[in-house]
Amino acid sequence: MSIAAVAWRFQTPLRQTCKVLCAGSHFPAGYHYTKQVLVERNLVNNVQLIRAATEHEWMELAPTVHVAIPFMERFHSEFIHAASQLRLIQQMGVGLEGVDIDAASQKGIAVANIPAYGTGNAQ
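In every chain, residue numbers begin from 1 and rise along the written sequence. The predicted nature of this model means local features are confined to residues of pLDDT at least 70 and side-chain atom pairs, given and counted, to a pLDDT of 80 or more, with totals for whole chains, interfaces and linings taken over all residues. Heavy atoms throughout the structure, all of them, feed into the side-chain values; hydrogens and water do not.

1. Focus on the overall build of the chain
Then, in step 1: Summing up its helical and strand segments, the chain has 5 helices and 5 strands in all.
Then, in step 2: Secondary structure elements follow DSSP: runs of H or I of four or more residues count as helices, runs of E of two or more count as strands, with numbering from the N terminus. Each helix and strand of the chain, placed in order from N terminus to C terminus, yields the pattern α-β-α-β-α-β-α-β-α-β.
Then, in step 3: The cut-offs for exposure are 20% and 50% of the maximum accessible area for each residue type, with area from a 1.4 Å probe on protein chains only; residues under the lower value are buried, those over the upper are exposed, and the others partly exposed. Burial status across the chain gives 37% buried among its 123 residues.
Then, in step 4: In what follows, a contact means two residues having at least one pair of non-hydrogen atoms within 4.5 Å. Considering only contacts in the chain between residues 6 or more positions apart, those separated by 24 or more positions represent 54%.
Then, in step 5: For accessible areas, the Shrake-Rupley method is used with a probe of radius 1.4 Å. Any residue's cover is judged against the shown protein chains and nothing else. With the model as given, the accessible surface of the chain reaches about 6900 Å², and the carbon-plus-sulfur share is 55%.

Encoded structure:
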């Protein structure tokens, strides 16, 4: 995929509420911390945080989300290809082995991690 094809996901602003999928039932502290920050920064009208505990739930939501956070879940190529609006997979913690990075790269989806204190699973 070309640089131009990837860049649109970040240069083109969303003209709707950003839907953030928190996939999995692990690390509820990460979900609650993210929700708290959205409230504190007055972003609740701009960002919809969605918790989906099962793979079935997050696969159903895949076509509608812009950001996906895998809480100890694997984002395989089927999820990535179903997520037609996805711009970012953000791992809260150090590892990215649960993300099919090749599939994400082919679709121009950024993949990142936050290996730091306060993310819910990196303590």
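2. Some details on the packing of aromatic side chains
Then, in step 1: Here is the rule: rings of Phe, Tyr and Trp (six-membered ring for Trp) pair when centre to centre is within 6.5 Å. Planes less than 30 degrees apart are stacked, more than 60 are edge-to-face, and the remainder are tilted. On inspection of all chains with the given rule, the structure shows 3 aromatic pairs.
Then, in step 2: For the ring pair Trp58 and Phe79, a centre distance of 5.2 Å and an interplane angle of 80 degrees mean the geometry is edge-to-face. Taken together, the residues Trp58 in helix α3 (residues 55-61) and Phe79 in helix α4 (residues 77-82) connect sequence positions 21 residues apart.
Then, in step 3: By way of ring pairs, the aromatic residues Trp58, Phe75 and Phe79 are connected into one cluster.

3. A few points about the sheet that holds strand β1 (residues 18-23)
Then, in step 1: Only when DSSP finds a minimum of two bridges between them are two strands counted as paired. Spatial ordering of the open sheet is given by β2-β1-β3-β4-β5, a layout of 5 strands whose pairing is parallel. Pairing within the sheet leaves two strands with one partner each, and these edge strands are β2 (47-52) and β5 (110-113). In this sheet, neighbouring strand axes are inclined to one another by 20 degrees on average, regardless of whether the strands run parallel or antiparallel.
Then, in step 2: Note: strand β4 (residues 88-91) against β5, 4 bridges, orientation parallel. In the sheet register, Ile89 faces β5, and the bridge partner there is Val111.
Then, in step 3: Sitting on the sheet, helix α2 (residues 28-40) is in contact with β1 and β2, with an inclination near 165 degrees to β2. To obtain an axis, a line is fitted to C-alpha atoms, over the contacting stretch when the element is a helix, and the angle between two such axes runs from 0 to 180 degrees between their N-to-C directions.

4. Some thoughts on the environment of Val44
Then, in step 1: Checked against the element boundaries, Val44 lands in the loop between α2 and β2.
Then, in step 2: For the pair Val44 and Thr17, spaced 27 residues apart in sequence, the C-alpha separation works out to 9.2 Å.
Then, in step 3: Ignoring any residue separated from it by four or fewer positions in sequence, one finds Val44 in contact with Leu38 and Val39.

5. Observations regarding the pairing of strand β3 (residues 67-70)
Then, in step 1: Side chains Val67 and Ile69 of β3 all project onto a buried face; the interleaved residues Ala68 and Pro70 project onto the opposite face, where all are buried too.
Then, in step 2: Note: β1 against β3, 4 bridges, orientation parallel. Considered in β3, the bridge of Cys22 is made with Ile69.
Then, in step 3: When β3 meets β4, the two strands line up parallel, connected through 2 bridges. By the bridge assignment for β4, Val67 is matched with Leu88.
Then, in step 4: For a crossover, the right-handed case is the one in which the path from the first strand over the helix to the second runs clockwise, viewed with the strands pointing away from the viewer. Handedness of the crossover joining β3 and β4 through α4 is recorded here as right-handed.

As far as function goes, none of this settles anything; it's purely spatial.
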